[in-house]
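What follows is the residue order along each chain.
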Amino acid sequence: MTPYTPPTQDQLLAIRVNAGIEELSASEKFAHAEPDLVEAIVDGVGQFAAGEFAPLNRAGDLEGAKLENGVVRLPDGFKQAYDAYVEQGWNSIASTTDYGGQGLPFTLSCNVLENLGAANMAFNLLPMLSVGAIEALEHHGSKDQQAKYLPNLISGKWSGTMNLTEPAAGSDVGALRSTAEPITEGEHAGKYRIAGQKIYITWGDHTLADNIIHLVLARLPGAPEGSRGISLFVVPKYHVNADGSLGPHNDLRPVSLEHKLGINASPTCVMSYGDNGECIGELVGAENRGLMAMFTMMNNARINVGNQGTQIAERATQQALAYASDRVQSARAGSPDKNPVAIIEHPDVRRMLWRMKALTEGTRALLYYCAGQVDRGTIGDDAAGLRAEILVPLLKAWGTDVGVEVAGIGIQIHGGMGFVEETGAAQHWRDARIAPIYEGTNGIQAADLVTRKLGLEGGEAMIALFDDIVRDAGEEAGLAALATDCAHIARWMRDEASLDDRLAGSVPFCTMAAVAVAGWQMMRQAQAVAAGAAPALAETKPVSTRFFLDRIVPEAAGLKASAIAGADLLYALPSERLAG
């Protein structure tokens, strides 16, 4: 497997141009995000990821996480790398300074995760889940809970999880059956006894952190059915004493680990709570409002999952470029020199490599544009906050689809050597394939886009996004036409289409919208490079942008017919005939 080389210059360009970090640093909240500090963070975490996380990627895939005598074990080196991650403060980048965080923009937290995930996607899921738990407690936890849990979560000394899914519930969170019984007497009076089983709990158990803070959805007695009757509870692996020290083990355990297609070093646990009737948890926020609190965590996670598309695409692209540069096979067609050349010289391989590179850079541009809008929302820009809400499903869905596509192209470039495990190219695809599924499948993201997100400000918030692209497109007629089509589809879905019609066209529409935004942001990058920004990218950025605008944008435009085709054809046969 090719070593990881941090794409520092492209990351810095995206942070400056797409996130607008200098504008953010003009605010009081993010005043410390000065250029020298930003460069130091991006360079520093890139080197850390390459030196500490990347060397463990292959061993993590081959050896995986193991459940031994009720304890999850990781391969040698993971504990030392995680300790170094905590010691160097990478976990605390964007968290509140009130509890030991650095108070820097979410944009920079995204960069930390981008580098760590490109180096080792499975390992990176550990800090990624902790970031979400921190945000949920920052927004919904009581002052006592924040003081009790946030300092160690922010430092990384403790890790966090989210516990939604149950065996019979799947994506229908409202169907969960875990229970929470109020405790009225004894040392735990005012808390709750939690009972139930959760599945697919990422990093649900391990020994890298001193404690694991589980955020668990459960039902109180008499709670309404469905999603309206769900509450959120914080359930630590080890009880936390009044002085902050760790007490006895709570009544929870990992029952088993899932045997997965990829991300083998990430322990995906079946967790059991309350086998002995003594699993103690604390209510987070109001009763029956747990789903709202959990969605704070989930929205963060969806951005970070979209980030994973960029991560795996970057790693697969680096490996494909290295292999194509070394693999010598056949003379170039039409060349008078009949000596074999490196396959990077062949037109179709060159096409695939540019596609990988353009798609990777496009997802990165979209990622940091979204992150910058989140940061603007944090400092009171309501319009940016609304735009971020629209961008999240685009990033999560298209970004992760791109990760799978690019990893698949990487296997193709390796040829037969890509299909065998020894090169490591197959691992990228296997790892990437989970990302379109979790934190809400990409179909759910597209459904969210054409329902809740389309409804923001009566549809005008979404249409304004496409209008901005048309305004800035200038001579890029193809980009302007794609954005115009997106606005037309948005109006049709809002004003004329049935709900079934909207949902039937949601995925192609989501792809069209994401490509339009990514192309817009890549165009802005190319303009900045032409003006003298990022001299190191002066040769490559104009070409990757041109490839995106001339080849990927027209492909997306071709999805319009599918986006407005409606649902009738999908139901031309009854289900039993389709299945039979």
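Along each chain, the written sequence defines residue order, and numbers are assigned to residues from 1. The model is predicted, so local features are restricted to residues of pLDDT at least 70 and side-chain atom pairs to those at 80 or more, both for listing and for counting; the totals for chains, interfaces and linings are taken over all residues. In computing side-chain values, all of the structure's heavy atoms are included and hydrogens and water are not.

Observations concerning the side chain of Gln-525
Turning to step 1, where the next piece is worked out: Think of it this way: any DSSP run of H or I at least four residues long counts as a helix, any run of E at least two long counts as a strand, and we number them from the N terminus. Locating Gln-525 in the fold gives a position in helix 18 (residues 506–530).
Turning to step 2, where the next piece is worked out: For the exposure calls, accessible area comes from a 1.4 Å probe over protein chains only, and a residue counts as buried if that area is under 20% of its type's maximum, exposed if over 50%, partly exposed in between. Exposure remark for Gln-525: the relative accessible area of 0% places this residue in the buried category.
Turning to step 3, where the next piece is worked out: Contact criterion: two residues are considered in contact whenever any of their non-hydrogen atoms come within 4.5 Å of each other. Once you skip the residues sitting within four places of it in the chain, Gln-525 turns out to touch Asp-10, Leu-13, Ala-14, Val-17, Asn-18, Ala-365 and Lys-541.

Points about the pattern of salt bridges
Turning to step 1, where the next piece is worked out: Salt bridges, as used here, are contacts in which a Lys or Arg side-chain nitrogen is within 4 Å of a carboxyl oxygen on Asp or Glu. Under the criterion given, the structure shown has 33 salt bridges.
Turning to step 2, where the next piece is worked out: One salt bridge in this structure joins Glu-23 and Arg-376, with 3.5 Å as the shortest N-O distance. Of this pair, Glu-23 sits in helix 2 (residues 21–25) while Arg-376 sits in helix 10 (residues 347–378), and the two are 353 residues apart along the sequence.
Turning to step 3, where the next piece is worked out: When the shortest N-O distance is used, the salt bridge between Asp-495 and Arg-494 registers 2.8 Å.
Turning to step 4, where the next piece is worked out: Several salt bridges share partner residues, and in doing so they unite Asp-10, Glu-114, Glu-314, Lys-357, Glu-361, Arg-364 and Lys-541 into one network.

Section: the packing of helix 18 against helix 19 (residues 540–557)
The angle between the axes and the distance between the axes are what describe a pair of packed helices.
Turning to step 1, where the next piece is worked out: Put simply, helix 18 and helix 19 touch, their axes get as near as 9 Å, and they point 160° apart. The pairing of helix 18 with helix 19 is recorded here as roughly antiparallel in orientation. Of the two possible hands of crossing, helix 18 and helix 19 adopt the one that is left-handed. Residues Met-512, Val-515, Ala-518, Gly-519, Met-522, Met-523, Gln-525, Ala-526 and Val-529 of helix 18 form the contact with helix 19, whose participating residues are Lys-541, Ser-544, Thr-545, Phe-548, Leu-549, Ile-552, Val-553, Ala-556 and Ala-557.
Turning to step 2, where the next piece is worked out: Ten residues, namely Ala, Val, Leu, Ile, Met, Phe, Trp, Tyr, Cys and Pro, are considered nonpolar, four, namely Asp, Glu, Lys and Arg, are considered charged, and the remaining ones, Gly among them, are considered polar. Its residues placed into classes, the contact of helix 18 with helix 19 shows 13 nonpolar, 4 polar and 1 charged. Convention adopted: a line fitted to C-alpha atoms gives each axis, helices being fitted over their contacting stretch, and angles between N-to-C directions are expressed from 0 to 180 degrees. Here the word oblique covers every angle except those under 35 degrees (roughly parallel), over 145 (roughly antiparallel) and from 65 to 115 (roughly perpendicular). Should the near helix be turned anticlockwise from the far one by less than a right angle, the crossing is left-handed, and should it be turned clockwise, the crossing is right-handed.

Regarding helix 18
Turning to step 1, where the next piece is worked out: Counted at 1.5 Å a residue, the expected span for helix 18 with its 25 residues is 36 Å, and the 36 Å between its end C-alpha atoms agrees.
Turning to step 2, where the next piece is worked out: Within helix 18, 20 of the 25 residues are buried, which leaves the element mostly enclosed by the surrounding structure.
Turning to step 3, where the next piece is worked out: Directly after helix 18, the chain includes Gly-532, whose backbone phi takes a positive value near 110°. By definition here, a helix of n residues has an expected span of 1.5 Å times n minus one.

Topic: empty space enclosed by the protein
Turning to step 1, where the next piece is worked out: Each cavity reported here is a set of points on a 1 Å grid over the protein atoms alone in which a 1.4 Å probe fits but cannot get out, each pocket an open set with protein on both sides within 12 Å along at least five of seven lines, and each lining residue one with an atom within 4 Å of a point. Grid points are joined across faces, edges and corners, and a volume is the space filled by probe spheres set on the points. Per the counting criterion, the structure on display carries 2 cavities of 30 Å³ or more.
Turning to step 2, where the next piece is worked out: Looking at the largest cavity, its volume works out to about 40 Å³.
Turning to step 3, where the next piece is worked out: Leu-56, Asn-57, Gly-60, Asp-61, Asn-120, Ala-122, Ile-263, Asn-264, Ala-265, Gln-427 and Asp-431 are the residues that line the largest cavity.
Turning to step 4, where the next piece is worked out: For the lining of the largest cavity, the secondary structure elements donating two or more residues are helix 4 (57–63) and helix 13 (425–432).
Turning to step 5, where the next piece is worked out: Broken down by element, the lining of the largest cavity gets its largest block of residues, 3 residues, from helix 4.
Turning to step 6, where the next piece is worked out: Along the lines of polarity and charge, the residues of the lining of the largest cavity split into 4 nonpolar, 5 polar and 2 charged.
Turning to step 7, where the next piece is worked out: In this model, the second largest cavity occupies a volume close to 30 Å³.
Turning to step 8, where the next piece is worked out: For the second largest cavity, the full set of lining residues is Asn-57, Gly-117, Ala-118, Ala-119, Asn-120, Met-121, Ile-312, Arg-315, Gln-427, His-428 and Asp-431.

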